[in-house]
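# Coordinates in review
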Amino acid sequence: MARWIILFLSIFFGVQNGAAQQATGCDCFNAKIKDSLVKHYLENEHMHDYNSPVWQQYCDSLIALCPNIAVAYQIKAIPFIKYGDYATAFPLEDKAVELDPKNWTAYRGFLKCIFTKDYEGAIIDFKKAQLLTPNSFEMDHTYPFYEGLCNLELGNYTKAEQNLKQSILIETNGKPNDSSHIHFNTFLYLGILYYEMKDNAKAKENLLKCLARYQGLPDANYYLAMVYQRENNPEQQSKYLVIAKEWKLKGYSLSEDNVFYSYYPHQVTLYEINKALGVQE
């Protein structure tokens, strides 16, 4: 059946004879051949819509042909992640990690942190990833950044602070006073962390640094308003809540690619903003 699918796709999409010959018998451990197969099956013009059945057909064909190509499992899992079918997605992600841990361990940790909220599992993955590919990035952030988010959600505030400070060292290449390379969401989560730790001064410092980069970020404005509420400053509280609502209604958010599919830790909803403003929905 698998060979029929491969043959069907080859004919249907006009695969050249040479590629068709590769598809019927090839060395799946040859790096050049593997790269060629990935390009043919996963990087073609038909693989642009994960809702299309062709997406799964190409992934399944490549897996049937060479079951040792990790990225085929990762690509196959994408639609299931987007749909929230984690029971189907994670065995595929696990297989990708098994076959190629250097490339996919951190990605699986990201999915656990942001999508499934398996914070303990995410921390384990990021610690492994740090050993495999030290001081690298996943989805624009360092591994300690995600560990910090996980520890924040777990209530491990001291560890979260250590994680986010380590993230800053990596982001600035060991020069933390050079803040130009620090992601605004690193400042956001440091501000949120200090808010949870009831350190108002450090919370405001980091939230204002975040807003200096992204003045309309609703989450930073909301948490700054909450700091002012704690300080019994209703004027400033109202000011930042109004800004938070204004930009939230305009559709602004954390500016993370996957924010459309899953809420990030401590991400603020319009309901929370309205509640703080005393608006009845």
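Below is a summary of the structure that appears in this document. The structure displayed is predicted, hence computed values, not measured ones. (Residues numbered from 1 in each chain as written. Predicted model: local features only at pLDDT ≥ 70, side-chain atom pairs only at ≥ 80, totals over all residues. Heavy atoms only, no water.)

## Considerations on the side chain of Asn68
If you trace the backbone, Asn68 turns up in the loop between α4 (53-65) and α5 (70-83). Given a relative accessible area of 16%, Asn68 falls into the buried group. A polar atom in the side chain of Asn68 sits 2.8 Å from the backbone oxygen of Cys28. Residues contacting Asn68, with those up to four places away along its chain left out, are Cys28, Phe29, Lys34 and Leu99. (Helix = DSSP H or I, 4+ residues; strand = E, 2+ residues; numbered from the N terminus. Buried < 20%, exposed > 50% of the residue type's maximum accessible area, 1.4 Å probe, protein only. Polar contact = N/O pair within 3.5 Å; in protein donor to acceptor, adjacent residues only side chain to side chain. Contact = heavy atoms within 4.5 Å.)

## Structural notes on the side chain of Glu93
For Glu93, the position within the fold is in helix α6 (residues 86-99). Despite its burial, Glu93 pairs with no opposite charge, the nearest such side chain being Arg108 at 7.4 Å. Excluding residues within four positions of it along the chain, Glu93 makes contact with Gln74, Ala77, Ile81, Tyr107 and Leu111. (Lys, Arg positive; Asp, Glu negative; His and termini not counted. Salt bridge = Lys/Arg side-chain N within 4 Å of Asp/Glu carboxyl O.)

## Description of the state of the cysteines
Per the counting criterion, the structure on display carries 1 disulfide. Covalent S-S linkage joins Cys28 and Cys66, the inter-sulfur distance amounting to 1.9 Å. The disulfide joining Cys28 to Cys66 has a torsion of about -80° about its S-S bond and is therefore left-handed. Placement of the pair is Cys28 in the loop between α2 (17-24) and α3 (31-42) and Cys66 in the loop between α4 and α5, with a sequence separation of 38 residues. In this structure Cys210 is not part of a disulfide, and its nearest cysteine sulfur, from Cys113, lies 17 Å away. On the basis of relative accessibility, which here comes to 0%, the residue Cys210 falls in the buried class. (Disulfide = S-S within 2.5 Å.)

## Some points on the pattern of salt bridges
When the charged atoms of two side chains lie near each other, side chains of opposite charge can form a pair. A complete count under the given rule lists 10 salt bridges for this structure. Between Glu161 and Lys165 there is a salt bridge, with the nearest N and O atoms lying 3.4 Å from each other. With Glu161 and Lys165 both in helix α10 (residues 157-171) and 4 residues apart, this pair spans about one turn of that helix. Relative accessible area serves as the criterion here: at 15%, Glu161 is assigned to the buried category. Looking at Lys165, the relative accessible area reads 43%, which means it is partly exposed. With its nearest N and O atoms 3.1 Å apart, the salt bridge here joins Glu231 to Lys204.

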